[in-house]
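Residue-level structural notes
So the chains spell out like this:
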Amino acid sequence: MPELNAESTAFRAALEVVRSVEPRIADAIAQELTDQRESLKLIASENYASPAVLLAMGNWLSDKYAEGTIGRRFYAGCQNVDAVESIAVEHAKALFGAPYAYVQPHSGIDANLVAYWAILADRVEVPYLKKFEKRQINDLTDAEWAELRQAFGNQRLLGMSLDAGGHLTHGFRPNISGKMFDQRSYGVDMATGQIDYAALRETAREFKPAVIVGGYSAYPRKVNFATLREIADEVGATFMVDMAHFAGLVAGGVFTGDFNPIPHAHIVTTTTHKSLRGPRGGAVFCQPELSAQVDRGCPMVLGGPLPHVMAAKAIAFAEARRPEFSTYAQQIVTNSQALAEGLLKRGVRLVSGGTDNHLVLIDVHPFGITGRQAEQALLDSGIVTNRNAIPQDPNGAWYTSGIRIGTPALTSRGLGVAEMDQIAELIHNVLSATTPAEGSKAKFNLDPALADRISKQATELLAPFPLYPSVDLG
Ligand code: PLP
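Residues numbered from 1 in each chain as written. Predicted model: local features only at pLDDT ≥ 70, side-chain atom pairs only at ≥ 80, totals over all residues. Heavy atoms only, no water.

For the protein chain, an unreviewed UniProt entry supplies the name Serine hydroxymethyltransferase and the organism Actinoplanes lobatus. The Subunit (unreviewed entry) field of the UniProt record for the protein chain holds the comment "Homodimer." (UniProt positions renumbered as here; feature names shortened; annotations may be inferred.)

**Remarks on the site of the ligand**
The full set of residues close to the ligand is Ser107, Gly108, Ile109, His167, Tyr216, Ser217, Asp242, Ala244, His245, Thr271, His273 and Lys274. Within the side chain of histidine 245, one N or O atom sits 3.4 Å away from an oxygen atom of the ligand. Computed on the free molecule, the ligand has an accessible area of 390 Å², of which 84% lies beneath the protein chains in the complex. Residue classes in the shell around the ligand are distributed as three nonpolar, seven polar and two charged. (Near = heavy atom within 4 Å. Polar contact = N/O pair within 3.5 Å; in protein donor to acceptor, adjacent residues only side chain to side chain. Areas by Shrake-Rupley, 256 points an atom, 1.4 Å probe, with all protein chains shown as cover. Nonpolar A, V, L, I, M, F, W, Y, C, P; charged D, E, K, R; others polar.)

**Some details on the pairing of strand β5 (residues 156-160)**
Of all five residues in β5, four are buried, a share of seventy percent or more. One ladder, built from five bridges, connects β5 with strand β6 (residues 182-186); its direction is parallel. Counted as the bridge partner of leucine 158 is arginine 184 from β6. (Buried < 20%, exposed > 50% of the residue type's maximum accessible area, 1.4 Å probe, protein only. Helix = DSSP H or I, 4+ residues; strand = E, 2+ residues; numbered from the N terminus. Pairing = 2+ DSSP bridges.)

**Remarks on the sheet that holds strand β11 (residues 349-350)**
Overall, antiparallel pairing links the four strands, which are arranged β11-β12-β15-β14 in an open sheet. Bordering the open sheet on either side are β11 and β14 (386-388), each of which pairs with just one other strand. Along the sheet, helix α14 (residues 323-344) contacts β11, β12 (359-363) and β15 (402-406); its crossing angle with β12, the most-contacted strand, is approximately 20°. (Contact = heavy atoms within 4.5 Å. Axes fitted to C-alpha atoms, helices over the stretch in contact; angles between N-to-C directions.)

**Section: the domain arrangement of the protein chain**
Much of the literature gives interface size as the accessible area that the parts lose upon coming together. The assigned domain composition of the protein chain is domain 1 (62-320) and domain 2 (327-462). Contacts between the two partners involve 22 residues from domain 1, matched on the other side by 24 residues from domain 2. A combined buried area of about 1,900 Å² lies between domain 1 and domain 2, and 58% of that area is made up of carbon and sulfur atoms. The interface formed by domain 1 and domain 2 holds one salt bridge in total. Salt-bridge contacts for arginine 221 lead to aspartate 356; the nearest nitrogen and oxygen are separated by 3.0 Å. (Domains from an automatic or database assignment. Buried area = accessible area lost by both parts, 1.4 Å probe. Salt bridge = Lys/Arg side-chain N within 4 Å of Asp/Glu carboxyl O.)

**Side note on the environment of glycine 406**
Within the secondary structure layout, glycine 406 lies in strand β15. Taking C-alpha positions, glycine 406 is 8.6 Å from isoleucine 332, a pair spaced 74 residues apart along the chain. Those residues in contact with glycine 406, other than ones at most four positions away along the chain, are Lys41, Leu42, Ala44, His358 and Leu359.

**Regarding the UniProt feature "domain: Serine hydroxymethyltransferase-like" (unreviewed entry) in the protein chain**
As annotated in UniProt, the feature "domain: Serine hydroxymethyltransferase-like" (unreviewed entry) corresponds to residues 20-122 and 155-427 in the numbering used here. Within residues 20-122, the helical portion is 54% and the strand portion 9%, while the C-alpha atoms at the span's ends are 51 Å from each other. Span residues 155-427 is 39% helix and 17% strand, its end C-alpha atoms 44 Å apart.

**Concerning the packing of aromatic side chains**
In this structure the tally under the stated criterion is 11 aromatic pairs. Relative to phenylalanine 246, the ring of phenylalanine 225 lies with its centre 5.9 Å away and its plane at 20°, an arrangement referred to as stacked. Of this pair, phenylalanine 225 sits in helix α9 (residues 225-235) while phenylalanine 246 sits in the loop between β8 (238-242) and α10 (247-251), placing them 21 residues apart in sequence. On the basis of relative accessibility, which here comes to 1%, the residue phenylalanine 225 falls in the buried class. (Phe/Tyr/Trp six-rings, centres within 6.5 Å; stacked < 30°, edge-to-face > 60°.)

**Regarding empty space enclosed by the protein**
If you walk through the whole model with that rule in mind, you get two cavities of 30 Å³ or more. Considered as a void within the structure, the largest cavity measures approximately 40 Å³ in volume. Lining the largest cavity, in full, are Ala98, Pro99, Ile262, Ala265, His266, Ile267, Val268, Phe285, Cys286 and Gln287. Counting only elements with at least two residues in the lining of the largest cavity, the list comes to β9 (267-271) and β10 (282-286). Counted as a void, the second largest cavity has a volume near 30 Å³. Broken down by class, the residue content of the lining of the second largest cavity amounts to eight nonpolar, two polar and one charged. (1 Å grid on protein atoms, 1.4 Å probe; cavity = no way out; pocket = protein on both sides within 12 Å on 5 of 7 lines; lining within 4 Å. Points joined across faces, edges and corners; volume = space filled by probe spheres on them.)

**Quick notes on the pattern of salt bridges**
Scanning all chains against the criterion turns up 23 salt bridges. For lysine 131, the salt bridge is made with glutamate 147, and the minimal N-O distance between the two is 2.6 Å. Note that lysine 131 is positioned in helix α5 (residues 108-131) and glutamate 147 in helix α6 (residues 142-152), a separation of 16 residues in sequence. The residue arginine 184 makes a salt bridge to glutamate 206 at a minimum N-O spacing of 3.0 Å. Separated by 22 residues along the polypeptide, arginine 184 in strand β6 and glutamate 206 in helix α8 (residues 197-207) bring together distant segments of the chain. For arginine 184, a relative accessible area of 33% puts it in the partly exposed group. For glutamate 206, a relative accessible area of 54% translates into the label exposed. Via salt bridges that share partners, Arg201, Glu202, Arg205, Glu230 and Glu234 belong to a single interconnected network.

Now the structure itself:
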């Protein structure tokens, strides 16, 4: 028998140990690999982390409580967590050229909460403590504390509207950020589908926000962060960027100059699991003057840090510092543009007419269907995407008129420009064959034989690009 490689040995052994306690969990883990291998994943926010990233998470670092920061913990015995977090911070700062990095957030939403409270502490709490001549909030009288709490609730935030591609955490009511801030949105120019910077400047002048948020979940273009910083400076706002979606493109040097948020924003948040290809988690980068406030993230809004995930973040940041990652990041955009081109030449309408980044937003309205119908029709045909609102969406945020597709995951698998054109063909074939069921925004008609045929074509297309080729579970 040929000798197994290290990855296969490690994952097989781990599954065996898990199986000895609860075989159904081992089965679900193994099945997830099979399912991912067979699926044409075009979800713009997903990726495939390396075996080293995955394995760094499965160990006893998870057992440690380590509230606090490096070298200043509320628990004894954190020397190894200190080492892990320091290495993650070292790689993160070097990767992004950031003066300060905080790698504890458990997710992107958590990273945004850390950032918002750092900004509020800097802009509201510190001046109030000074005004009342108190050192810390526990020293305030009840009346002073009540006044400060009122002031926290009176701050304004300007972020991208949801239908233009913003994220719920950018001040929308269903998220805690919408309950904390008085929010107003900026959107896109309906003629170009791109951010209307002049209108944004006008809104900022009139609304006078404390915080301007740049960044998005579903905007297919570059953002000029130099211009946004200029506007923030003009109105005295703190400029925050949520680069959760495109952090990999920043890390890989695809977004540079005015389009790299790190030198322009006061504070930048990210997830680590999307285009950055790391473990599920978050991080915050900031200018030195905000670092002390960012460090208060745990226990202010975060539970104890996840040392095993910080270990995996360190591995992912180290991987992203390799030259191959820049090639990968560039290929994400090349593939995204090829996919856009393939769709456009088949007559599909794209929001903004194309893409500068890792995602493409299809307007399915001309096909006479909703985003919800399109999403399910594509899924039935073996193509995994998600529905998304488009600017001024007539179908609202639930049914939508858009399909968001992204290339980070398939690029990790090795697919290139030729395959993108074939995928565009498959998507076009499904969308043009789908019709709405009478009176429904969710139900639709699609010939099952066609869906089946496309599903087989999708599987064939993936065959030369095995996922996790070094992992053989036997
Ligand atoms: N910020 C943006 C721009 C996102 O797109 C997302 C997730 O989709 C998040 C934050 C939240 O990330 P998480 O799911 O890790 O909390």
